[in-house]
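Spelled out from the first residue to the last, the chains are:
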Amino acid sequence: MEETLTYISKNQNRYINELKQFLSIPSISNDPKNQADMRNCANFLRDQLNDIGFQQTKIFPTNGHPIVFGEWLGAPGKPTLLFYGHYDVQPVEPLELWKSKPFEPTIHQGEIYARGSVDDKGQVWMNLKAIEAYLKTQGSLPINIKVLIEGEEEVGSSNLENFIYSHKEMLKSDAALISDTPMLKHGLPSIGYALRGLAYFQLDVTGSHDDLHSGSFGGAVINPNFALAQIILSLKDAKGRILIPGFYDDVVPLTTQEKIEMSKLPFNEEKFCKDFGVPTLFGEQGYKTLERIWARPTLEVNGMSGGFIGEGSKTVIPACAMAKISMRLVPNQDPKHVAKLFENYLQKITPPSVKLKMKYLNGGKPWVTPIHHPTIQAAFRAFKKGYGTTPVFIREGGSIPVVAILAEILDIPTALMGIGLPDSNTHAPNEKLNLANFKHGTISIAHFFDEFSTSIPN
Ligand code: BES
Ligand code: MN
Ligand code: MN
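Residues numbered from 1 in each chain as written. Chains lettered and ligands numbered in written order. Predicted model: local features only at pLDDT ≥ 70, side-chain atom pairs only at ≥ 80, totals over all residues. Heavy atoms only, no water.

**Digging into the packing of aromatic side chains**
Per the counting criterion, the structure on display carries 14 aromatic pairs. Taking 5.5 Å as the distance between ring centres and 15 degrees as the angle between the ring planes, the aromatic pair formed by Phe22 and Phe44 counts as stacked. Highlighted residues: Phe22 in helix 2 (residues 12-24) and Phe44 in helix 3 (residues 35-52), separated in sequence by 22 residues. The exposure class of Phe22 is buried, given its relative accessible area of 0%. (Phe/Tyr/Trp six-rings, centres within 6.5 Å; stacked < 30°, edge-to-face > 60°. Helix = DSSP H or I, 4+ residues; strand = E, 2+ residues; numbered from the N terminus. Buried < 20%, exposed > 50% of the residue type's maximum accessible area, 1.4 Å probe, protein only.)

**Comments concerning the sheet that holds strand 14 (residues 355-364)**
Spatially, the four strands line up as an open sheet ordered 11-13-9-14, and their pairing is antiparallel. Each edge of the open sheet carries a strand with a single partner, namely strand 11 (298-306) and strand 14. Neighbouring strand axes in the sheet, compared pairwise and without regard to direction, differ in orientation by 15 degrees on average. Pairing of strand 11 with strand 13 (residues 320-329) involves eight bridges; the strand directions are antiparallel. Counterpart to Ser305 in the pairing with strand 13 is Met322. Of the strands in this sheet, strand 9 (197-206), strand 11, strand 13 and strand 14 are in contact with helix 8 (residues 224-233), which crosses strand 13 at around 15 degrees. Lying over the sheet, helix 12 (residues 335-349) contacts strand 9, strand 13 and strand 14, oriented at roughly 165 degrees with respect to strand 14. (Pairing = 2+ DSSP bridges. Axes fitted to C-alpha atoms, helices over the stretch in contact; angles between N-to-C directions. Contact = heavy atoms within 4.5 Å.)

**Some thoughts on the pattern of salt bridges**
Between side chains of opposite charge, pairing is possible as soon as their charged atoms come close. Under the definition given, this model contains 17 salt bridges. Of the charged contacts, one joins Lys129 and Glu18 as a salt bridge, the two residues approaching to 2.7 Å between their closest N and O atoms. One end of the pair, Lys129, is in helix 4 (residues 121-138); the other, Glu18, is in helix 2, and 111 residues separate them in sequence. For the pair Lys129 and Glu18, a shared accessibility class is recorded, and that class is buried. (Salt bridge = Lys/Arg side-chain N within 4 Å of Asp/Glu carboxyl O.)

**Structural notes on the coordination of the manganese ion (ligand 2)**
In ideal tetrahedral geometry, four donors around a metal make angles of 109.5 degrees, whereas ideal octahedral geometry with six donors gives angles of 90 or 180 degrees. Around the manganese ion (ligand 2), the donor atoms from the protein are His86 (NE2), Asp119 (OD), Asp180 (OD) and Asp180 (OD), and they sit 2.0 to 2.3 Å away. Geometry at the manganese ion (ligand 2) is irregular, judged from the six donor atoms that bind it and their angles of 58 to 166 degrees at the metal. (Donors = N, O, S within 2.8 Å, 3.2 Å for Na, K, Ca; no water. Tetrahedral: all angles 85-135°; square planar, octahedral: opposite > 155°, others 65-115°.)

**Concerning the environment of Leu406**
Within the secondary structure, Leu406 sits in helix 14 (residues 401-410). Put simply, Leu406 and Lys385 are 21 residues apart on the chain and 27 Å apart in space, counted from C-alpha to C-alpha. Beyond its immediate chain neighbours, meaning those up to four positions away, Leu406 contacts Leu82, Ile164, Ala176, Asp411, Ile412 and Thr414.

**Describing the pairing of strand 1 (residues 56-60)**
Two faces, one strand: in a regular strand the side chains alternate between the faces of the sheet. Judged from the five bridges that link them, strand 1 and strand 2 (residues 67-72) form a sheet pairing that is antiparallel. Counted as the bridge partner of Lys58 is Phe69 from strand 2. Linkage of strand 1 to strand 2, two consecutive antiparallel strands, is achieved through a turn of six residues.

**A word on helix 3**
Residues separated by three or four positions in an α-helix point in the same direction, a consequence of the helix having 3.6 residues per turn. Taking 1.5 Å as the rise per residue, helix 3 with 18 residues should run 26 Å; its terminal C-alpha atoms sit 26 Å apart, in good agreement. For helix 3, the set of buried residues is Asp37, Met38, Cys41, Ala42, Phe44, Leu45, Gln48, Leu49 and Ile52. Along the long axis of helix 3, the arc covered by the buried residues comes to 155 degrees, so they all point the same way. Buried-residue contacts for helix 3 involve helix 2, strand 1, strand 2, helix 4 and strand 6 (144-150). (Expected span 1.5 Å × (residues − 1). Arc of directions from axis to C-beta.)

**Details of the packing of helix 2 against helix 4**
Packing of helix 2 against helix 4 leaves a shortest axis separation of 10 Å and a crossing angle of 135 degrees. As the angle between them shows, helix 2 and helix 4 are arranged oblique. Crossing of helix 2 against helix 4: the hand is right-handed. Here Arg14, Tyr15, Glu18, Leu19, Phe22 and Leu23 of helix 2 come into contact with helix 4, specifically with Lys121, Gly122, Val124, Trp125, Lys129, Glu132 and Ala133. For the contact of helix 2 with helix 4, the residue count by class is seven nonpolar, one polar and five charged. (Parallel < 35°, antiparallel > 145°, perpendicular 65-115°, else oblique. Left-handed = near helix turned anticlockwise from the far one by under 90°. Nonpolar A, V, L, I, M, F, W, Y, C, P; charged D, E, K, R; others polar.)

**A few points about the domain arrangement of the protein chain**
Segmenting the protein chain into domains produces domain 1 (2-195 + 366-455) and domain 2 (197-251 + 297-363). On a C-alpha basis, the centroid separation for the pair domain 1 and domain 2 is 36 Å. Taken together, the contact pairs ten residues of domain 1 with nine residues of domain 2. It is Gly156, Pro366 and Ser399 in domain 1 that bury the most area against domain 2; as a group they hold 61% of the surface buried on that side. Between the two partners, domain 1 and domain 2, sit zero salt bridges. Scanning the region where domain 1 abuts domain 2 turns up three residue pairs in polar contact (both at pLDDT 80 or more). Broken down by class, the residue content of the side of domain 1 that touches domain 2 amounts to six nonpolar, four polar and no charged. (Domains from an automatic or database assignment. Buried area = accessible area lost by both parts, 1.4 Å probe. Polar contact = N/O pair within 3.5 Å; in protein donor to acceptor, adjacent residues only side chain to side chain.)

Here's what the structure looks like:
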């Protein structure tokens, strides 16, 4: 083990240089223009798996972007770990706000700036480099390992469920490991034991065939922007409560014990406001901030468009208006069921003088797991060794659709050992990975393999 950890320390520079190459590939999954980049990125990863000593590697094409798979099964009798990550990244707009180009990784004051540096390429790299360190120093790993890296996480993992379903035997494992979540704060290793789910919709409201002169038609027809605003206003009340009938029916409330544990976590509302530039916080009444982010469902308007938004004025009644609406879901809400409830409600609240089209774009189920599970406890010990600090257990407000799929189809638990930070700027301009954190993370993952090797009775 010592030798493996020394190898990790000694090879930091090379690790980072290789990561820069990985980060230079613009693997934006939602843009058809980047299809070739997606394939290049998958090939790059496969070559990497071969280089570090995987016994089998394969690229699986899907209806969307390819899935990269690899396995090393040289530890018979030892448990098998399924590592999951994603090589796709979010779009980079608005480009003008980046201090360095998103696909020209740049190191500045101990951080590497690039799209995907944290979400999730840097964290995938950290796991692959921990594997490399074992194989290069010991010639073996203390566990069997399968690696599944997809290219469609940021667009809802829509081809992954079928893939996992039809490759159950190949993916059979005792537990999964994912590094794709943030820590509660810098220096405090955090183990996620719950994720929110997601249901994402597009609403299109149409009035007339074409835009209309607001003088000739104003007073005679409804304005789709207005109708859409009314629809949106009917979705939540002023206290932040979602008004869709039945929406909260399946929500599992937090236990008193969990609330107590949460309130002990280091979380400072004033600092939170200051860090993110908001005057005050806002959310559903009756809950604390962390409770709202982690254990309550929410509804957001991600974006709206409609009508004239150019310079100066133009007197027009737009023909249509559009909104992107998403809901974060908590156990035991189901995205498809929520979509039905939403659709029923929309039919009721849409003014009769417009046509409304609702489209379900993507989603994923929420997930929660008991923290006393041996795999989660192995993650706890590993983080403690890697950071020299006692980790905390946290829920996560974000979503990783695969986690619920793994629980359902493969019946395995997942350890979330992410090393993102609250100020990593994921999905935003100037996404950055803290290099010290990358190193501690890699060491923690190496410890995890060791801890996991003895954590499941077999
Ligand atoms: N790494 C995030 C998930 C995440 C973010 C977990 C913050 C915990 C806290 C992941 O890449 C992501 O962005 N997921 C999407 C999922 C969606 C597109 C189905 C998300 O949460 O918006
Ligand atoms: Mn991610
Ligand atoms: Mn993401």
